[in-house]
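Chain residues, written in single-letter form:
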Amino acid sequence: WVDMVPASELKPNTINSGFQYGIEVAVVCDAKGGIYGLSNKMPPTGQPTTFAEIQGDVVVEPVSGTKFNIKTGKQTGTWCPYPIGKLIIGRITTPQDMETFKLRKQGGYVQALINVNAKAQFEQKYWRGILDSQGKVDGGYY
């Protein structure tokens, strides 16, 4: 569990973000004060979730108008319903869901459950072998 944003910054119908260990999490606070964690990069355009509009239990991506459920991250409704989305974005992309994160309030902060070793685990399999950036298979240099 990693501290993301101070709990005092959460107000109903707001979206705040925190960045830890290379992961940016958008903390969505709905009208009733419930908190939900989403990736701060919205499909299909990559706009920050903090730019989105909250409409009940969905967030609306500002460029394409695509809606995502704040609880599940699932895309709902029409994919890219705004004019720019229909003309261009919707034709070159396919519907996608948003990544979600488990959140909790503790010690005056909203914390997100993230894998702090994800980068090291991902790179581990690429930094040893025939095309190792260090040179030899055993990690030594030529």
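These figures come from a predicted structure and were not determined experimentally. (Residues numbered from 1 in each chain as written. Predicted model: local features only at pLDDT ≥ 70, side-chain atom pairs only at ≥ 80, totals over all residues. Heavy atoms only, no water.)

A. Region of interest: the side chain of Asp30. Inspection of the secondary structure puts Asp30 in the loop between strand E3 (23-29) and strand E4 (35-39). Only 2.9 Å separates the side chain of Asp30 from the backbone nitrogen of Gly33, close enough to count as a polar contact. Beyond its immediate chain neighbours, meaning those up to four positions away, Asp30 contacts Pro12, Asn13, Tyr36 and Ile70. (Helix = DSSP H or I, 4+ residues; strand = E, 2+ residues; numbered from the N terminus. Polar contact = N/O pair within 3.5 Å; in protein donor to acceptor, adjacent residues only side chain to side chain. Contact = heavy atoms within 4.5 Å.)

B. Representation of the side chain of Thr66 in the model. By the secondary structure assignment, Thr66 is in the loop between strand E6 (58-60) and strand E7 (67-69). On the basis of relative accessible area, Thr66 is assigned to the buried category, the value being 0%. At 3.0 Å, the side chain of Thr66 and the backbone nitrogen of Cys80 are in polar contact. Those residues within four positions of Thr66 in sequence are excluded, and the remaining contacts are Pro44, Val59, Val60, Glu61, Gln75, Thr78, Trp79, Cys80 and Pro81. (Buried < 20%, exposed > 50% of the residue type's maximum accessible area, 1.4 Å probe, protein only.)

C. Geometry of the pattern of salt bridges. According to the stated counting rule, one finds one salt bridge in the structure shown. Its salt-bridge partner being Lys74, residue Asp97 comes within 3.6 Å of it at the nearest N-O pair. Of this pair, Asp97 sits in the loop between helix H1 (83-92) and strand E9 (100-101) while Lys74 sits in the loop between E7 and strand E8 (75-76), and the two are 23 residues apart along the sequence. Exposure remark for Asp97: the relative accessible area of 42% places this residue in the partly exposed category. Judged by relative accessible area, which is 45%, Lys74 ranks as partly exposed. (Salt bridge = Lys/Arg side-chain N within 4 Å of Asp/Glu carboxyl O.)

D. Structural detail: the sheet that holds E6. Strand order in the open sheet formed by four strands is E5-E6-E7-E8, and the pairing between neighbours is antiparallel. Either end of the sheet is taken by a strand with one partner, and the two such strands are strand E5 (53-55) and E8. With three bridges connecting them, E6 and E7 associate as antiparallel partners. Residue pairing for E7: Val60 is matched across the bridge by Lys67. (Pairing = 2+ DSSP bridges.)

E. Region of the structure containing the nonpolar core. With 15 residues, the main nonpolar core has Ile15, Val28, Leu38, Met42, Val59, Phe68 and Ile70 as its most contacted residues. Counting 13 residues, the second-largest nonpolar core is a separate cluster that includes Val2, Val27, Phe101 and Val110. (Core = buried A, V, L, I, M, F, W, Y, C linked by side-chain atoms within 4.5 Å.)

F. Up close: the sheet that holds strand E10 (residues 103-106). Strand order in the open sheet made by the three strands is E1-E11-E10, with antiparallel pairing throughout. Looking at which strands have only one partner, the edges of the open sheet turn out to be strand E1 (2-6) and E10. Within the sheet, the average angular offset between the axes of one strand and its neighbour, ignoring direction, is 35°. Judged from the four bridges that link them, E10 and strand E11 (residues 109-112) form a sheet pairing that is antiparallel. Considered in E11, the bridge of Lys105 is made with Val110. (Axes fitted to C-alpha atoms, helices over the stretch in contact; angles between N-to-C directions.)

G. Expanded view of the environment of Lys11. Along the chain, the position of Lys11 falls in the loop between E1 and strand E2 (14-20). Spatially, the C-alpha atoms of Lys11 and Gly34 are 10.0 Å apart, while their sequence positions differ by 23 residues.

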